[in-house]
Amino acid sequence: MRVRVSLLIMIIITLGAGHLGAQHEGMRGRREGGGAGGTINGRVIDEVSDSPLEYANLILFDRSSGSQATGTITHKDGHFELTPVRPGNYDLEIKFMGYRTERIEDIQVMPPQMSVDVGTVALQRSVIALDEVEVSADKPDIVYQIDKKIINVGKRYTTTSGTAVDVLENVPSVTVDIDGNVSLRGSQSFTVLLDGRPTVLDPNDVLQQIPASTIDNIEIITNPSAKYDPDGISGIINIVTKKSKLEGVSGTINLNVGLNYKYGGDFLVNIKRTGFNAYIAADYNRREFPGTMETENRTYRGADTTIVTSDGESTWKRTMYGVRGGIDLYLSPQDVLNIEARVGDRAMERSSSRGFDEWMSGDGVLNSYISEGLWEHGGEFYSLSSDYRHTFDGNGHEVAGEVTFSRRTGDGKSTNELRDMSGVLTSGQRSADEGPGTRLRTKLDYTLPLGEGRKIEAGYQSRFDRTDATSRMYEYNLDSLRYEFREQYSHTSEYHRDIHSLYAIYSGTVGGLGYQGGIRGEYTDRRTELLDTGESFSIDRWDYFPTVHFSYEYSKGHQMLLSYTRRLDRPRHWYLGPFITWWDAYSVRKGNPGLKPEYIDSYELAYQRHFGSTMLSAEAYYRFTHNKVERVRSVYADNVLLHTIENVGTDYTFGTELMLNIDQVKWWSLSLMGNLYDYRVEGTLYDAPFSEGSFNWNVRFNNTFKFGESTRLQVNGIYNSPTASSQGERKGFVMTDAALKQTMMSKKLTATLQVRDVFGTAKFENTSEGPDFYSSILFDRESPVVTLTLSYNFNNFKPERRRRDDHEEFGGEGEF
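To keep things clear, this report deals only with the structure shown in the data block. The residue numbers shown here count from 1 along each chain, following its written sequence. In view of the model being predicted, local features appear only for residues whose pLDDT reaches at least 70, and side-chain atom pairs are presented and counted only at 80 or more, with totals across whole chains, interfaces and linings using the full set of residues. The basis for every side-chain value is the complete set of heavy atoms in the structure, and neither hydrogens nor water enter the calculation.

## Looking at the overall build of the chain
For the record, the criterion: Labels follow the DSSP assignment, with helices taken as runs of H or I lasting at least four residues and strands as runs of E lasting at least two, numbered in each case from the N terminus. Think of it in three bands: residues with accessible area under 20% of the maximum for their type are buried, residues over 50% are exposed, and the middle band is partly exposed, with areas taken using a 1.4 Å probe on protein chains only.
A count of helical and extended segments in the chain gives three helices and 46 strands. In the chain, which comprises 816 residues, the proportion classed as buried is 55%.

## Describing the packing of aromatic side chains
Our working definition: In this analysis, rings of Phe, Tyr and Trp, with Trp reduced to its six-membered ring, are considered paired at centre separations within 6.5 Å, and the interplanar angle assigns stacked below 30 degrees, edge-to-face beyond 60, and tilted for intermediate values. Only when the NZ atom of a Lys or the CZ atom of an Arg is both within 6 Å of the ring centre and within 35 degrees of the ring normal do we say a charge sits over the ring.
On inspection of all chains with the given rule, the structure shows 18 aromatic pairs. Geometrically, the ring pair formed by Trp 668 and Phe 705 is stacked, given 6.2 Å between the ring centres and 5° between the ring planes. Placement of Trp 668 in strand S37 (residues 668–685) and of Phe 705 in strand S38 (residues 688–707) is noted, with a sequence separation of 37 residues between them. Relative to Tyr 719, the ring of Trp 697 has its centre 4.8 Å away and its plane inclined at 50°; by these criteria the two rings are tilted. Placement of the pair is Trp 697 in strand S38 and Tyr 719 in strand S39 (residues 711–720), with a sequence separation of 22 residues. Take Trp 697: its relative accessible area is 36%, and that puts it in the partly exposed class. The class of Tyr 719 is partly exposed, set by a relative accessible area of 26%. Taken together through their ring pairs, the aromatic side chains of Tyr 564, Tyr 603, Tyr 622, Phe 624, Tyr 652 and Phe 654 make up a single cluster. Sitting over the face of the ring of Phe 289, Lys 262 holds its NZ or CZ atom 5.0 Å from the ring centroid. We note Arg 680 situated over the ring of Tyr 652; from NZ or CZ to the ring centre the distance is 4.6 Å.

## Side note on unusual backbone geometry
Here the residue pair Ser 783 and Pro 784 is connected by a cis peptide bond, since its omega of -10° sits within 30 degrees of zero. If you trace the backbone, Pro 784 turns up in the loop between strand S45 (773–781) and strand S46 (785–794). With a phi close to 55°, Asp 106 is a non-glycine residue in the positive phi region. Note that Asp 106 resides in strand S6 (residues 102–109). We note that Asp 757 has phi near 55°; this positive angle belongs to a residue other than glycine.

## Overview of the side chain of Ser 493
Cut-off, in case you're wondering: Residue contacts are defined here by distance: any two heavy atoms, one from each residue, within 4.5 Å place the two residues in contact.
Mapped onto the elements, Ser 493 comes out in strand S28 (residues 491–510). Not counting residues within four places of it along the chain, the set of residues in contact with Ser 493 comprises Thr 467, Asp 468, Ala 469, Glu 529, Leu 530 and Leu 531.

## Here's the deal with the pattern of salt bridges
Any two side chains of opposite charge can pair, given that their charged atoms come close. Test applied: Just to be clear on terms, a salt bridge is a Lys or Arg side-chain nitrogen sitting within 4 Å of an Asp or Glu carboxyl oxygen.
Per the counting criterion, the structure on display carries 34 salt bridges. Note that Lys 413 and Glu 376 form a salt bridge whose closest N and O atoms lie 3.9 Å from each other. Of this pair, Lys 413 sits in strand S23 (residues 411–420) while Glu 376 sits in strand S21 (residues 366–391); the two residues are 37 residues apart in sequence, bridging distant segments of the chain. Ionic pairing is found between Glu 398 and Arg 389, a salt bridge with its closest N-O pair at 2.5 Å. The structure contains a network of salt bridges with shared partners spanning Asp 229, Asp 231, Arg 441, Arg 463, Arg 520, Glu 522 and Arg 570.

## Structural notes on the nonpolar core
Put simply, the rule is: As used here, the term nonpolar core means buried Ala, Val, Leu, Ile, Met, Phe, Trp, Tyr and Cys residues forming a set that is joined through side-chain atoms within 4.5 Å.
If you look at the biggest cluster of nonpolar residues, it comprises 23 residues, and the most contacted ones within it are Leu 207, Ile 218, Ile 220, Ile 237 and Ile 239. Looking at this core, the elements with two or more residues in it are helix H2 (164–168), strand S10 (174–176), strand S11 (182–184), strand S12 (191–194), helix H3 (203–209), strand S14 (215–221) and strand S15 (236–241). If you tally residues by element for this core, the top one is H2, at four residues. With residues up to four places along the chain from it excluded, the contact list for Ile 218 reads Lys 149, Ile 150, Ile 151, Val 153, Ala 164, Val 167, Leu 168, Ile 237, Asn 238 and Ile 239. Membership of the second largest hydrophobic core comes to 20 residues, among which are Leu 82, Tyr 90, Leu 92 and Val 109.

## Considerations on the sheet that holds strand S4 (residues 79–85)
Pairing between the strands of a sheet comes from backbone hydrogen bonds, and it takes one of two forms, parallel or antiparallel. Using the following cut-off: Only when DSSP finds a minimum of two bridges between them are two strands counted as paired. Between N-to-C directions, angles cover 0 to 180 degrees, with each direction set by a line fitted to C-alpha atoms, over the stretch in contact for helices.
Spatially, three strands are ordered S4-S1-S7 in an open sheet, and the strand pairing comes out mixed. Looking at strand neighbours, the two that pair on one side only are S4 and strand S7 (115–123), the edges of this open sheet. For this sheet the average axis-to-axis angle between neighbouring strands, irrespective of direction, equals 20°.

## Observations regarding the sheet that holds strand S2 (residues 57–62)
Reading across the sheet, the four strands line up as S3-S2-S5-S6 and stay open at both edges, with antiparallel pairing between neighbours. Both edges of this open sheet fall to strand S3 (68–73) and S6, since each of them pairs with a single strand only. Taking the axes of each pair of neighbouring strands and ignoring which way they run, one obtains an average angle of 20° across the sheet.

## Re the pairing of strand S20 (residues 335–360)
Pairing of strand S19 (residues 304–332) with S20 involves 26 bridges; the strand directions are antiparallel. Bridge assignment links Gly 325 to a residue of S20, and that residue is Ala 341. In this antiparallel pair of consecutive strands, S19 and S20, the connection spans two residues. With 25 bridges joining them, S20 and S21 adopt antiparallel strand pairing. Each residue of the ladder has a partner; that of Glu 340, found in S21, is Ser 385. Once S20 ends, the chain turns through five residues before running back antiparallel as S21, passing Gly 362 with a positive phi of about 95°.

## Digging into the pairing of S21
Where S21 lies against S23, ten bridges are found, and the strand directions are antiparallel. In the sheet register, Tyr 369 faces S23, and the bridge partner there is Asp 420. Pairing geometry for S21 and strand S22 (residues 398–408), over eleven bridges, is antiparallel. If you follow Tyr 382 over to S22, its bridge partner there is Arg 407.

## With respect to the environment of Gly 591
Tracing the backbone shows Gly 591 in the loop between strand S33 (587–590) and strand S34 (598–611). When the C-alpha atoms of Gly 591 and Phe 579 are compared, they prove to be 6.4 Å apart, with twelve residues separating the residues in sequence. Setting aside anything within four residues of it in sequence, one finds Gly 591 in contact with Tyr 575, Leu 576, Gly 577, Pro 578, Phe 579, Thr 644 and Ile 645.

Keep in mind that these numbers describe shape and distance, not what the molecule does.
Given below as structure tokens:
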């Protein structure tokens, strides 16, 4: 209790300091402006091609004082809207790289005409060659907007040769476990979008599949509106891949090589002409991570205790490749058609060789043997998507539609064999799994502006998922000396799920107060059929998800946001099969067809303030989950643990995220990030009530040292504290990464040397226990991990420009 009270006091002090610092300015602004805010809208296009210019910068200046009043960027269709705008006279400046700056003067926002449409603004292309433009200002590695965090992957030098998982590992609120599984604010349940679209792969498969060098930025949205799918406890991670917005042909090539069979590469070629923008890209990466593992399992039967310990080597391998391409067709100034396709393959493998010792307390007999294990999983995937957008006029009135079809295969096999100390095979299991899946998604969105900053958004979305799953198990027969099929442990199932959704959102502004209210209704028809037993499990229900967002704007850019969302996490199809599957001689798995979905209530309060070039961001959040789902263990037989999934009760997470960016000197920038939260989970497990909790915290610091215009040294540190679960604890660990980046050939060629886990401190340790068992595992992975990456940009390739904060631009659902 003392910990939770202290945490609450800390949050109040942090947010209160920002409030008091801006209160006087805010009161003065209200006295001067008063009344409801107005709007200024319009559209920005290329003067020659009439194609819309996305991410053009618009800055509104107060005409009397010359100070900046507000700003925004254009959307994909070139439209923009500035709101709320206080009554007064303004000048509007419009900028875009490679174009001449346009300025519209003496825009009057006065009652009763509080909504002004400046029409279509055509920008002229600059006559200055792009290779003559020198931009030396460094971009921030993380931008904290009021509703999301945006990670500029190009600034993460220590993860250049890695994947999206490696990038997220050094982001506040994110932790990564021994297998590379990502947790967002303590939960592994979240939705992953790829360029704003769901993907057919499992969320963690997506994050481990995508090379960091192909990513422009990563957006983390923890409290999304009713427009988004409600799936996932902790929110949405959107991966935005690179594309160029420059006219003509441009591109980039990346090659990487590291110790212990690590190598790969990717390329991207972009063509932008009058009326269209097209790209094609491909990537291939192979990674191998050797390590050592120690385990201890104890099972209790009456007065007897059986103990099994092991230690040995374990190697994790991943091979991934993919090809993607797309085209934007500007059919008219009001119509844009986009078509994109992706295809790829993934192969994952884990091998282990460990020595085991087994004995029973009191009998003094020790049995020793060797375990050899091999697990393989992978398969092909592809997706085809198309979206169309039509704008009716220049104030954001539009309709958009999207269709996405995707399919994947999911083949896996594993072998586990036990041999005595003389090498004779004494036990063995082999399993094979097949799980192809198909998904079709459609959606239709409509936006209707109502004037004076108000608008209505509404839409329909549908998801159609189909999965077939087959598992086969073979056991080694000591008499016949061969593997024989075991029908009782082999099963076939079919999974069918259809979801239909309707949503509506109303938003507007009153003075400095912005508000948004939304409601989403979803109908779910889910059916799981076990073909070998004839059993069937189904769900037929409606769910409702309200969302509320408020923002209050202080003068000079101070802003605070309060939000509430209701979300859910649906059980994955492989959680539901009620049959036994053997993993190895000492582990079996069983699904739970009675598993209920988790329902989540999430509250957030966020504040952001700038002190010159220093930025402070603070977020307080409270989340509780009903029908909490956890992987749990129990004793299946002597020395054998049963792994299954249960609704264990309710969990509560109450915490704060803090970030401080310090950039006071030209040669050094520092980012300090922290996530502190109190976690509790309570309920009933195996007919016994329980209550577990822990105070968790993780800290990140990113140091970037600048040596001239072409050399950067980055040193990052991470600490993750221990955290509790319903049956145990994950231990804490610390890790340090470093990278040296050198640009050459007029910034066309870049070499980056990375060293991850410099001091070899990133050990992963977990313990769990129940009334009849105790289990622990310690994994010590390869360290340090050394990689060299070479990047070459041709024809001045620049990633498409993304959103910006108040001061500076920056660039560069998987489960069925």
